[in-house]
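Read off the chains here:
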Amino acid sequence: MNPIEIIRKKRQGGKISKEELRFLFDGYLRGSIPEYQMAAFLMAVYFQKMDFEETNHLTEIMLHSGKVVDLSSIPGIKVDKHSTGGVGDKVSLILAPMVAACGVPVPMISGRGLGHTGGTLDKLESIPGFNTRLTLEEYTAVIRDIGVVMIGQTSEIAPADKRLYALRDVTGTVESIPLISGSIMSKKLAEGIDALVLDIKTGRGAFMQTERDAEQLARTLIAVGVRSGKKTIGLITDMNQPLGYAIGNWLEVRECIDCLRGADVPDLMEVTYALGGLMVYTGGKASSIGEGIRLSRQAVKDGLAWKKFCDLVRRQGGMVDMVEHPERYPSSRYVGEVRSPTSGYVSSIDSLELGFTGIALGAGRMKVDEEIEPKAGIVLKKKIGDKVRSGEVLAVFYTDRENVIHQVAPRIESSYVIRKNRVVPPRMIHSMVDARGRHGWRVKGK
Ligand code: URA
């Protein structure tokens, strides 16, 4: 087989066989197919897409590029959640310990920042000492001991995604349904779960900006999951403004610490509790999704979710002292405020632009091997629907990079649209999707 032929075939919209995909991926992982040929193939997939059979083959090949963990010796229904990616999407850091505190084991393999979105791994690694590179044995031991574990793709687990993820990030090939499906499902099917809950983001800051594309992605992910024998269910949630207030790794960890200690950040916690409700229900610890939400809220209220988070940090080598006293974290060299030029109500916030502004500040990567600055980012002071007076602070940014300061403030300011009339904040949960199709979301579970 010839890689150039395969690239050309996809470029012309042809269907790639499982053998051709395997040839390409084996060669890429062994080093006989260079990055530039894989990048060209990814771009061809981006434009020409893949049908369901190709997507399934891609997922299987990526999944079997490494080991598939067997957690059957650990009691309980193991459930994980994965998000398709958003700006300020820090849900996993609250959700995983919260659901584990409700008695459902949560084994989680996450990714780094991708495109304009942040990644759970980068956030966890902003906690000094936190080790996301556990061996398979260590991974299994942590979930057995404390009911939750959070790691990244390794050379043992989902290595194809580890390589491809970094390549897609810097070649403009992220927003592709088959590539997102292969990436997410290969990690998830490798980690030893029984069931999966998906958070499919839609809106300006999501990879799927329209509701239609988000639904198509949801249906593809769910079909791949179900075909592999895993109960898979998803929520389509709003990403028209950043989730919560913080954007940037340590800033987001800090916001999660506050929430785990009982602070209410309404949009963030609404999504977290909804996903928690689904996970606790799917994990067999609640008789309904509503009860799952109530148990999740209770776990936060009683401090059990916070305690579980501290157990996780300690068990994976992180400095618990730093999460207990986040004010001790070193601060950025430069801190700037962005003020509103006018009075009115915030009617929209361009989360895509804020995601890229966060990268410019140092919170994400522009090249595969770029170092990120854990404490860089943006903290919003106003969100959609908030009243704002002329001169009031809209957002604060943090960076060590002197050369970006002058461009950042205007970018943040122009991300905000302020109008005279009152604005209603967006509905966070648009719908639920399962193997039978799409359903309305009316669950409350106060
Ligand atoms: N999350 C992933 O793990 N992969 C993607 O491609 C997008 C979001």
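In what follows, the structure referred to is the one given above.
Asker: Is there a simple way to explain the overall build of the protein in this structure?
Answerer: Looking only at helices and strands, the protein features 17 helices and 14 strands. Scaling as 2.2 N^0.38, a compact globule of 446 residues should have a C-alpha radius of gyration of about 22 Å, and the protein matches this with 21 Å. Taken along its principal axes, the extent of the C-alpha atoms in the protein is 65 × 45 × 40 Å. Each of the 446 residues in the protein was classed as buried or not, and the buried ones make up 61%. In the protein, the share of contacts with a sequence separation of at least 24, taken over all contacts with a separation of at least 6, comes to 78%.

Asker: It is not clear to me how the site of the ligand should be interpreted in this structure. Could you clarify?
Answerer: Every residue close to the ligand is listed here: H82, S83, T84, L114, Y165, R168, I180, S183, I184 and K187. Here an oxygen atom of the ligand sits 2.9 Å away from a polar atom, N or O, in the side chain of H82. Isolated, the ligand exposes 240 Å² of accessible area, and the fraction of that covered by the protein chains is 96%. Among the cavities detected, the one that contains the ligand is the largest cavity. Contributing elements (two or more residues each) for the shell around the ligand: β1 (79–83), α8 (159–169) and α9 (177–190). Of all the elements, α9 adds the most residues to the shell around the ligand, at four residues. Residues of the shell around the ligand, tallied by class, amount to four nonpolar, four polar and two charged.

Asker: What is the right way to look at the sheet that holds strand β6 (residues 246–247) in this model?
Answerer: Strand pairing in a sheet relies on backbone hydrogen bonds, with the paired strands running either antiparallel or parallel. Pairing is antiparallel across the open sheet formed by four strands, whose spatial order is β6-β9-β11-β7. Two strands close off the open sheet at either side, each with one partner strand: β6 and β7 (334–339). The sheet contact formed by β7 and strand β11 (residues 393–399) spans six bridges and is antiparallel. Residue G336 lies in a different strand from β11, and its bridge partner there is F397. Its contacts with the sheet place helix α16 (residues 351–361) against β6, β9 (377–380) and β11, and it is angled at close to 135° to β9.

Asker: Just to check I follow, could you spell out the pattern of salt bridges for this structure?
Answerer: Pairing is possible between side chains of opposite charge, provided their charged atoms come close. Tallied over the full model, the rule gives 32 salt bridges. Of the charged contacts in the structure, one is a salt bridge between D145 and R315, with a shortest N-O distance of 2.4 Å. A residue pair is termed long-range when its members are at least 10 positions apart, and D145 in helix α7 (residues 136–146) and R315 in helix α14 (residues 304–315) qualify at 170 residues. By relative accessible area, D145 is classed as partly exposed at 48%. For R315, a relative accessible area of 35% translates into the label partly exposed. Salt-bridge contacts for R328 lead to D321; the nearest nitrogen and oxygen are separated by 3.0 Å. Given a relative accessible area of 48%, R328 falls into the partly exposed group. According to the relative accessible area criterion, D321 is partly exposed, its value standing at 39%. Each of the salt bridges in this network shares a partner with another, and the network as a whole consists of R112, D122, E125 and R365.

Asker: Please clarify how the packing of helix α12 (residues 266–282) against helix α13 (residues 289–301) should be interpreted in this entry.
Answerer: The axes of two packed helices give the description: the angle between them and the distance between them. One can describe the packing of α12 onto α13 by two numbers: an axis separation of 7 Å at closest approach and a directional angle of 115°. Here α12 lies roughly perpendicular to α13, going by the angle between them. Here α12 and α13 pass one another in a crossing that is right-handed. Mapping the contact onto sequence places Y273, A274, G276, G277, L278, V280 and Y281 in α12 and I289, G292, I293, L295, S296, R297 and V300 in α13. A breakdown of the residues in the contact of α12 with α13 according to their chemical character gives nine nonpolar, four polar and one charged.

Asker: Help me understand unusual backbone geometry, please; the structure alone is not making it clear to me.
Answerer: Peptide bonds are mostly trans, and most non-glycine residues show a negative phi. One non-glycine residue, K49, lies in positive phi territory at about 60°. Position of K49 relative to the elements: it lies in the loop between α3 (35–48) and α4 (52–63). Residue K49 is classed as exposed on the basis of its relative accessible area, which comes to 52%. Even without a glycine there, the phi angle at A158 is positive, about 50°. Looking at the secondary structure, you find A158 in the loop between β3 (148–152) and α8. The buried category is assigned to A158, whose relative accessible area is 0%.

Asker: So what exactly am I meant to see when it comes to the packing of aromatic side chains here?
Answerer: Within a pair of aromatic rings, the relevant descriptors are the distance that separates the centres and the angle that separates the planes. Tallied over the full model, the rule gives three aromatic pairs. Look at Y46 and F47: their rings are 5.1 Å apart centre to centre, the planes differ by 90°, and that puts the pair in the edge-to-face class. A ring pair is formed by W250 and Y329, whose centres lie 3.8 Å apart and whose planes are at 5°; its orientation type is stacked. Remark: Y329 occurs in the loop between α15 (320–324) and β7 and W250 occurs in helix α11 (residues 249–260); sequence separation between them is 79 residues.

Asker: Help me understand the sheet that holds strand β10 (residues 387–388) in this model?
Answerer: Pairing within the open sheet is antiparallel, and its three strands lie in the order β10-β8-β12. Only two strands of the sheet have a single neighbouring strand rather than two, namely β10 and β12 (416–419). Where strand β8 (residues 344–349) and β10 come together, two bridges link them in antiparallel fashion. The residue of β10 that forms the bridge with Y345 is K387. Contacting β8 and β12, helix α17 (residues 405–415) crosses the sheet at an angle of about 45° to β12.

Definitions and cut-offs
- Residues numbered from 1 in each chain as written.
- Predicted model: local features only at pLDDT ≥ 70, side-chain atom pairs only at ≥ 80, totals over all residues.
- Heavy atoms only, no water.
- Helix = DSSP H or I, 4+ residues; strand = E, 2+ residues; numbered from the N terminus.
- Rg over C-alpha atoms; globule rule 2.2 N^0.38 Å.
- Buried < 20%, exposed > 50% of the residue type's maximum accessible area, 1.4 Å probe, protein only.
- Contact = heavy atoms within 4.5 Å.
- Near = heavy atom within 4 Å.
- Polar contact = N/O pair within 3.5 Å; in protein donor to acceptor, adjacent residues only side chain to side chain.
- Areas by Shrake-Rupley, 256 points an atom, 1.4 Å probe, with all protein chains shown as cover.
- 1 Å grid on protein atoms, 1.4 Å probe; cavity = no way out; pocket = protein on both sides within 12 Å on 5 of 7 lines; lining within 4 Å.
- Sits in = over half its atoms within 2 Å of the grid points.
- Nonpolar A, V, L, I, M, F, W, Y, C, P; charged D, E, K, R; others polar.
- Pairing = 2+ DSSP bridges.
- Axes fitted to C-alpha atoms, helices over the stretch in contact; angles between N-to-C directions.
- Salt bridge = Lys/Arg side-chain N within 4 Å of Asp/Glu carboxyl O.
- Parallel < 35°, antiparallel > 145°, perpendicular 65-115°, else oblique.
- Left-handed = near helix turned anticlockwise from the far one by under 90°.
- Phe/Tyr/Trp six-rings, centres within 6.5 Å; stacked < 30°, edge-to-face > 60°.

Structural measurements only, silent on function.
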